[in-house]
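# Fold and geometry: a report
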Amino acid sequence: MASTNRTSAPAEPFPGIARDEDLHPLMPQTEAPDRILLIKLRHHGDILLTTPVARTLKSRYPQCEIDMLVYRETIPLLQHNPDISRVWTLDRSLRGWRKLASQLRLLLALRRQRYQTVIHLSDQMQGAFFAKLLARRHAIGFDYPKRRHSPWHRFFTALAPLAPSDTLHTVSQNLLALSPLGITPTPDEQRCVLPIQAADRETVAALLKEAGVDGPYIVIHPSSRWFFKCWEDDRFAELAETLASDGWSIVLTAAPDPAEMDMVAAIRAQIRSDRVVSVAGRLTLNQLAAIIDGARLFIGVDSVPMHMAAALGKDTIALFGPSKIHEWHPWMTRHRLLNAADYGELIDPDQVDTSTRQRYLANIPLEAALNASRELLSSPAQE
């Protein structure tokens, strides 16, 4: 069997992706732009992994105002980001004429910002339409193969290269959107940005004190909005119980979604140790970041809390099933990745029905997670 311990290098260099210069022309900047809009209409983890794009642009153009357009529910991951001047949002809950009226108002408000450059970081035609209407100088998108026989290329002044599936981390792929501008990010610019406010740290400190956690602790976040990414409840319970017997306090977390909270409740019910506490459903996304930041180790599955832990530079145990590992592994932090495919047959990621209640991580043995955890805990914490 393949090794179960996978580590990340400090950064991934961009591979040599062939590029048609006529399709992806370099656009030298004769003057620094004063307004740039980034469009990323995706889920929470995708938004966090976009922050190096804003970080790089702000580093190169310190006086430039960089705005983002995202789905409304993802705004907590950006609202305190020092590289971003303003976050614009789309409300996905609207339907019919209310949706049309809201988007028209948004488009008119964005037009008034007079953006020199608009960079569309995903594949929706709506974002391409916005880029075409809003960019005064450059509209940049990706060269999606599935869009090559559509009007897609007409919405942009340049298309950035797209790496083959599961060959490049999502952060690196996002940063390739800057290649038409002649920008190659430095390793430091490739880091994700997740600031934490003092008020959230204070709230978390009070919550941990109330729960009886008064020393070093480990965060275990066993749940995901997609159950196919989850491990078995009894193994998470035994892992938490064993680490607690090693002397660690264990903090169980989950989103306020009822299904995720039920999962944590089922895990906690199998644990005897009073060193294991649950704060499932009691944290905002920003408070979750604060509680992860204070932890000695994060243990979880392929979900946004795992990416938050990596962004905060925490030692991470990441349990993966049918996900594209090279695209979604913990980015630029010390980690151990346990892949269910290393221990048995596993469904192809492109064949998964994401609405299934089936879990696909059962191949991962408890011993692998326990040994990986103890290995990282025995090393000095990352600076």
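Residues numbered from 1 in each chain as written. Predicted model: local features only at pLDDT ≥ 70, side-chain atom pairs only at ≥ 80, totals over all residues. Heavy atoms only, no water.

The name recorded for the chain in an unreviewed UniProt entry is Lipopolysaccharide heptosyltransferase III, from Chromobacterium vaccinii.

## Some remarks on the packing of aromatic side chains
For clarity, the cut-off: Two rings belonging to Phe, Tyr or Trp (six-membered ring only in the last case) form a pair when the distance between their centres is within 6.5 Å. Interplanar angles under 30 degrees mark stacking, angles over 60 mark edge-to-face geometry, and anything in between is tilted. Each residue's exposure class comes from its accessible area (1.4 Å probe, protein chains only) as a fraction of the maximum for that residue type: buried when under 20%, exposed when over 50%, partly exposed otherwise. Note on geometry: a ring has a charge over it if NZ (lysine) or CZ (arginine) is within 6 Å of the ring centre and within 35 degrees of the ring normal.
All chains considered together, the criterion is met by four aromatic pairs. An angle of 80° between the planes, with centres 6.1 Å apart, marks the rings of Phe142 and Tyr144 as edge-to-face. With respect to burial, Phe142 and Tyr144 carry one shared label: buried. Of the aromatic side chains, those joined through ring pairs into one cluster are Phe142, Tyr144, Trp152 and Phe156. In this arrangement the basic side chain of Arg86 is found over the ring face of Trp88, its NZ or CZ atom lying 3.7 Å from the centre. The residue whose ring lies beneath Arg92 is Tyr71, and the NZ or CZ to ring-centre distance is 4.1 Å.

## Digging into the nonpolar core
A general tendency of soluble globular proteins is for nonpolar side chains to be buried together. What counts, and what does not: In plain words, nonpolar cores are sets of buried Ala, Val, Leu, Ile, Met, Phe, Trp, Tyr and Cys residues tied together by side-chain atoms within 4.5 Å. Residues are treated as being in contact if the distance between any of their heavy atoms lies within 4.5 Å.
Ranked by internal contacts, the top residues of the largest apolar core, which has 86 residues, are Leu38, Leu57, Leu69 and Ile291. For Leu38, the residues in contact, after removing those within four places along its chain, are Val53, Ala54, Leu57, Ile66, Asp67, Met68, Leu69, Ile119 and Leu121. Counting residues in each nonpolar core, the second largest holds 38 residues, with Ile220, Ile271, Leu297 and Tyr343 among its members.

## Considering unusual backbone geometry
This is how the line gets drawn: Each helix corresponds to a stretch of at least 4 residues labelled H or I by DSSP, and each strand to a stretch of at least 2 residues labelled E; elements are numbered beginning at the N terminus.
With phi around 55°, Arg114 is a residue other than glycine that occupies positive phi space. Among the secondary structure elements, Arg114 is positioned in the loop between helix H3 (96-111) and strand S4 (117-120). Unusually for a residue other than glycine, Met332 sits at a positive phi of about 55°. In this fold, Met332 is placed in the loop between helix H11 (325-328) and strand S12 (335-339).

## Points about the layout of surface pockets
Just so we agree on the cut-off: Put plainly, a pocket is an open set of points on a 1 Å grid over the protein atoms alone with protein on both sides within 12 Å along at least five of seven lines, a cavity is a set where a 1.4 Å probe fits but cannot get out, and a lining residue has an atom within 4 Å of a point. Grid points are joined across faces, edges and corners, and a volume is the space filled by probe spheres set on the points. We call Asp, Glu, Lys and Arg charged. Ala, Val, Leu, Ile, Met, Phe, Trp, Tyr, Cys and Pro are nonpolar, and the rest, Gly among them, are polar.
Considering only enclosed or pocket space, the second largest pocket measures out at about 240 Å³ in volume. Taken together, 15 residues form the lining of the second largest pocket, with Arg191, Ala310, Ala311, Leu312 and Gly313 sitting closest to its centre. The residue makeup of the lining of the second largest pocket, split by class, is nine nonpolar, three polar and three charged.

## Here we look at the confidence of the model for the chain
Here is the rule: Values of pLDDT, ranging from 0 to 100, describe the predictor's confidence in every residue of the model.
Across the chain, the average pLDDT comes to 92, with 92% of residues at 70 or higher. This model gives residues 1-24 a pLDDT under 50, and the stretch forms 59 contacts once residues within four places in sequence are excluded.

## Focus on the pattern of salt bridges
Definition in use: One side-chain nitrogen of Lys or Arg within 4 Å of one carboxyl oxygen of Asp or Glu is enough to make a salt bridge.
As enumerated under the stated definition, the model contains 18 salt bridges in all. The salt bridge partner of Asp67 is Arg35, with a shortest N-O separation of 3.3 Å. Note that Asp67 is positioned in strand S2 (residues 65-71) and Arg35 in strand S1 (residues 35-39), a separation of 32 residues in sequence. Each member of the pair, Asp67 as well as Arg35, is classed as buried. With a closest N to O distance of 2.6 Å, Arg42 and Asp123 form a salt bridge. In this pair, Arg42 is assigned in the loop between S1 and helix H1 (44-48) and Asp123 in the loop between S4 and helix H4 (125-134), connecting sequence segments 81 residues apart. Overall, the relative accessible area of 26% leaves Arg42 in the partly exposed class.

## Observations regarding the sheet that holds strand S8 (residues 249-252)
Threshold: For two strands to count as paired, DSSP must find a minimum of two bridges between them. Inter-axis angles, ranging from 0 to 180 degrees, are taken between N-to-C directions of lines fitted to C-alpha atoms, where helices are fitted over the stretch in contact.
The sheet built from six strands is open, its strands ordered S9-S8-S7-S10-S11-S12 with parallel pairing. At either margin of the open sheet sits one strand with a lone partner, and together these are strand S9 (276-278) and S12. Averaged over neighbouring strand pairs, the angle between their axes works out to 15° when direction is ignored. In this structure, strand S7 (residues 217-221) lies alongside S8, joined through four bridges in parallel fashion. Paired with Ile220 across the bridge in S8 is Leu252. The strands that helix H7 (residues 233-245) touches are S7, S8, S9 and strand S10 (297-301); relative to S10, the one it contacts most, it runs at about 170°. Lying on the sheet, helix H9 (residues 285-293) is in contact with S7, S8 and S10; it crosses S7 at an angle near 135°.

## Let's talk about the packing of helix H6 (residues 198-211) against H9
When two helices pack together, you describe them by how their axes are tilted relative to each other and by the distance separating the axes. Spelled out, the test is: Angle categories are assigned with fixed cut-offs, so that under 35 degrees is roughly parallel, over 145 is roughly antiparallel, 65 to 115 is roughly perpendicular, and the rest are oblique. Take the far helix as your reference; a near helix turned counterclockwise from it by less than a right angle gives a left-handed crossing, and one turned clockwise gives a right-handed crossing.
Interaxial distance between H6 and H9 falls to 9 Å at its minimum, and their mutual angle equals 65°. Regarding the angle of H6 to H9, the classification is roughly perpendicular. H9 is crossed by H6, and the crossing has right-handed handedness. Across the interface between the two elements, Asp200, Arg201, Thr203, Val204 and Leu208 from H6 touch Asn286, Gln287, Ala290, Ile291 and Asp293 from H9. Across the contact of H6 with H9, the residue classes tally to four nonpolar, three polar and three charged.

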